[in-house]
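# Remarks on the overall topology
In case you want the letters, here they are:
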Amino acid sequence: MKTILSYCLIFLWFCNYAQEPCAYHLTPTSTALEDPNTTVSSEMMEVKIKNDYQIQFIKVDKKNYLKIIVRDNLGFGKTGSLLLQPIKKQIYIKSTKLHIIDKSSGYFIIDLNNSYYLNSIKDYGLTKIIFNENVEFSIPKNDSEKIKKLAECYFDIVKDNIWPTVRKL
């Protein structure tokens, strides 16, 4: 009996040891969302990828957002469709604006609440960003993995408030 208990304890220790702690943490900050000139108090996780682009997961109270800061002019100030391509799925936003930060950068803001967007990014990462169906930015595999890990960490924190609570009658 002691032998079985010892094996079980060793197995549990290895399982616990094998789980990697999250490398990303929410940090308090102020950030612009829909209006680039107005900032709100929030918490954020971010990672930098190719061409100094940034992927940010932002939490404002119970609202969750994905902010993608781009450095190339994909159409600053324009509104159009946005296609995010994880490895196996697509996230299509019919109409979004590429907000202007300055003359060399802008950002997309995507609401994550009540959608499976975060789940898709967490499971598959991101490989491409396509704006207005003709301007494309490819994301290297190692950056896609960074985004995937960031999304996993963020999901572990906000998973209870992504979907509204359902009242049982």
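Above this note sits the structure.
Okay, so let's go over this structure. (Residues numbered from 1 in each chain as written. Predicted model: local features only at pLDDT ≥ 70, side-chain atom pairs only at ≥ 80, totals over all residues. Heavy atoms only, no water.)

## Topic: the sheet that holds strand β5 (residues 79-85)
Within a sheet, each strand pairs with its neighbour through backbone hydrogen bonds, oriented either parallel or antiparallel. Where we set the bar: Whether two strands pair comes down to DSSP finding at least two bridges between them. A run of H or I in DSSP becomes a helix once it reaches four residues, and a run of E becomes a strand once it reaches two; helices and strands are each numbered from the N terminus. Working convention: axes come from line fits to C-alpha atoms, limited for helices to the stretch in contact. Angles between N-to-C directions cover 0 to 180 degrees.
Here we have four strands laid out as an open sheet, ordered β6-β5-β9-β10, and antiparallel in their pairing. Pairing within the sheet leaves two strands with one partner each, and these edge strands are β6 (91-97) and β10 (135-138). This sheet shows a mean twist of 20° between the axes of neighbouring strands, independent of strand direction.

## Quick word on the environment of Asn113
Definition in use: Only protein chains enter the accessibility calculation, which uses a 1.4 Å probe; a residue is then buried when its area is under 20% of its type maximum, exposed when over 50%, and partly exposed in between. The contact criterion used is simple: two residues touch if any of their non-hydrogen atoms lie within 4.5 Å.
With respect to the secondary-structure elements, Asn113 resides in the loop between β8 (105-111) and α2 (117-124). Note on Asn113: relative accessible area 14%, which makes it buried. Beyond its immediate stretch of four places on either side in the chain, Asn113 contacts Lys62, Lys63, Asn64, Asn161 and Ile162.

## Here we look at the environment of Asn37
Its location among the elements puts Asn37 in the loop between β1 (27-32) and β2 (39-49). Relative accessible area serves as the criterion here: at 72%, Asn37 is assigned to the exposed category. Separated by 63 residues in the primary sequence, Asn37 and Ile100 have C-alpha atoms spaced 9.9 Å apart.

## Regarding the nonpolar core
Put simply, the test is: Joining through side-chain atoms within 4.5 Å is the link that ties buried Ala, Val, Leu, Ile, Met, Phe, Trp, Tyr and Cys residues into a set, and such a set is a nonpolar core.
In this structure, Ile55, Phe57, Leu66, Ile68, Leu84, Phe108 and Leu118 are the most contacted members of the largest nonpolar core, which totals 36 residues. No other element matches the seven residues that helix α3 (residues 141-158) contributes to this core. Ignoring any residue separated from it by four or fewer positions in sequence, one finds Phe108 in contact with Leu66, Lys67, Ile68, Val70, Leu74, Leu82, Thr96, Lys97, Leu98, Ile129 and Phe131.

## Points about α2
Among all positions in α2, only Leu118, Ser120, Ile121 and Lys122 are buried. Looking at the buried residues of α2, the elements they touch are β3 (53-60), β4 (63-70), β6 and α3.

## Concerning the sheet that holds β8
Taken together, the six strands give an open sheet; going across it, the order is β1-β2-β3-β4-β8-β7, and neighbouring strands pair in antiparallel fashion. Here the strands that pair on one side only, and so sit at the sheet edges, are β1 and β7 (99-102). The sheet shows a mean angle of 40° between the axes of neighbouring strands, taken without regard to direction. Pairing geometry for β1 and β2, over six bridges, is antiparallel. Among the inter-strand pairings, Thr27 is bridged to a residue of β2, identified as Met44. Packed onto the sheet, α3 meets β2, β3 and β4 and runs at close to 145° relative to β2.

## Some remarks on unusual backbone geometry
The backbone phi angle of Asp61 is positive, close to 55°, even though this residue is not glycine. As for its position among the elements, Asp61 is in the loop between β3 and β4. The residue Glu133 is not glycine, and still its phi comes out positive at about 60°. Tracing the sequence through the fold places Glu133 in the loop between β9 (128-131) and β10.

In short, the description is geometric, and any link to function would need to be established separately.
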